[in-house]
Structure formats: structure tokens, C-alpha cells
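Each chain, written out:
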Amino acid sequence: MIFHACDIPEDLTYDIERDVWIRFDGDVAVLGMTDVAQTRCGKIAAISFRDVGKKIAQGKTLATIESAKWVGPFPAPFSCEIVETNETGFERDILITNKDPYGIGWLVKVRPTDLENKRGHLVTGDEAVERYKARIQELKVNCLRCID
């Protein structure tokens, strides 16, 4: 679904308040910044990941992202353990999230540690699309992507 040029894939799960998308794959979840988040952030200038194996509480920082406009955390949508980062991808091209936030621009892979009790705020499908449309309008966002 495209709304105000923002891509909202309906097959993903979202933590809308934290602008995080989630793709569950067995007992691992791939996490990344939404199109709205990468647009609001602007061109990423640097990213610093927490260490693989580190246990992170819900809402705490998985990575710190720097852009020309902003420096801030990429927060955990639920308590988890980091199993992999996309540090190599960002070393090759720092703008991969700005170009492809839902594909090669993923940030971390995690193993949820208390998902059953921490997933009430997560949404998917039509509910996610409708809530993101409202957020896009509220924030007055028109998404833009970097291109090669």
C-alpha cells in the first residue's frame, strides 16, 4: 500500500509509535526503519550497532542512527537478544535504508525473549495500514527515497 508516497507493506508487523517494521521468521525477527522513519531521519550519515548477543529491553536502543537532521535510537519493539546486525551492508552503502528500507536496508535480527507479553501494541494488515495513514497525515509526511 502506498500513501503519500510512503510504502506500507501489508505483510509486515509494525510498532507504529517507534516506526519499526518487523518480519518474523521462525524464532527470529528482522527489524528495520519504516519508510516514514527513513524519510523523517533524512540521509543516514552513520550507524552504530549494539553487540550481537546483547539482550535489550523493550524500548531500549538496538542501534544509534545519525543523519544530517537527527541523532537518535533505533528502539526495540519488544525485549530481545541481538543475533545479527546489518553492519556489513551499511559499510558497503550507508544509504541502504534510505534506498530500500524493507529489503537490504534492514537493521538487526533479534530473538524475542518475552514476545507473548510484549506484543499487544504490534499491528499488521489493514489495521497497520489505517494507523500508518493517520500517522502520516498527523506528521504531514511525504516519503522520499534516495536513488543511485
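See the structure shown above.
Given the structure is predicted, the values throughout are model-derived calculations rather than measurements.

A. How the structure looks around the sheet that holds strand 5 (residues 28-33). One open sheet holds the 7 strands; their spatial order is 7-10-11-5-4-3-12, and the pairing between them is antiparallel. Bordering the open sheet on either side are strand 7 (55-56) and strand 12 (123-124), each of which pairs with just one other strand.

B. Examining the state of the cysteines more closely. What the rule picks out here adds up to 1 disulfide. Each sulfur in the disulfide pair Cys 6 and Cys 143 lies 2.0 Å from the other. Across the S-S bond linking Cys 6 and Cys 143, the dihedral sits near 90 degrees, which makes this disulfide right-handed. Of this pair, Cys 6 sits in strand 2 (residues 6-7) while Cys 143 is found in the segment after helix 5 (125-139), placing the two residues 137 residues apart along the sequence. Cys 143 matches Cys 6 in its accessibility class, with the two residues each being buried. Counting only cysteine sulfurs, Cys 41 is the nearest neighbor of Cys 80, a cysteine outside any disulfide, at a range of 20 Å.

C. Examining the environment of Leu 62 more closely. Mapped onto the elements of the fold, Leu 62 is located in strand 8 (residues 61-67). Residue class for Leu 62 comes out buried when judged on its relative accessible area of 0%. C-alpha of Leu 62 to C-alpha of Ile 82: the two residues are 20 residues apart in sequence and 7.9 Å apart in space. Each residue touching Leu 62, except ones within four places of it in the same chain, is listed here: Leu 31, Phe 49, Arg 50, Ile 56, Phe 74, Pro 75, Ala 76, Pro 77, Cys 80, Ile 82, Val 108 and Val 110.

D. Highlighting the packing of aromatic side chains. Taken as a whole and assessed by the stated rule, the structure comprises 4 aromatic pairs. Between the aromatic rings of Tyr 14 and Tyr 132, the centroid separation amounts to 5.6 Å while the plane-to-plane angle is 70 degrees, which identifies the pairing as edge-to-face. You can see Tyr 14 sitting in strand 3 (residues 13-15) and its partner Tyr 132 sitting in helix 5, a full 118 residues away along the chain. The pair formed by Tyr 14 and Tyr 132 is uniform in burial state, with each residue classed as buried. Taking 6.1 Å as the distance between ring centres and 20 degrees as the angle between the ring planes, the aromatic pair formed by Phe 24 and Phe 78 counts as stacked. A residue pair is termed long-range when its members are at least 10 positions apart, and Phe 24 in strand 4 (residues 20-25) and Phe 78 in the loop between strand 9 (71-75) and strand 10 (80-85) qualify at 54 residues. Phe 24 sits in the partly exposed class, given a relative accessible area of 30%. Here the basic side chain of Lys 109 rests over the ring of Trp 106, its NZ or CZ set 5.0 Å away from the ring centre.

What counts and what doesn't
- Residues numbered from 1 in each chain as written.
- Predicted model: local features only at pLDDT ≥ 70, side-chain atom pairs only at ≥ 80, totals over all residues.
- Heavy atoms only, no water.
- Pairing = 2+ DSSP bridges.
- Helix = DSSP H or I, 4+ residues; strand = E, 2+ residues; numbered from the N terminus.
- Disulfide = S-S within 2.5 Å.
- Buried < 20%, exposed > 50% of the residue type's maximum accessible area, 1.4 Å probe, protein only.
- Contact = heavy atoms within 4.5 Å.
- Phe/Tyr/Trp six-rings, centres within 6.5 Å; stacked < 30°, edge-to-face > 60°.
- Lys NZ or Arg CZ within 6 Å of the ring centre and 35° of its normal.

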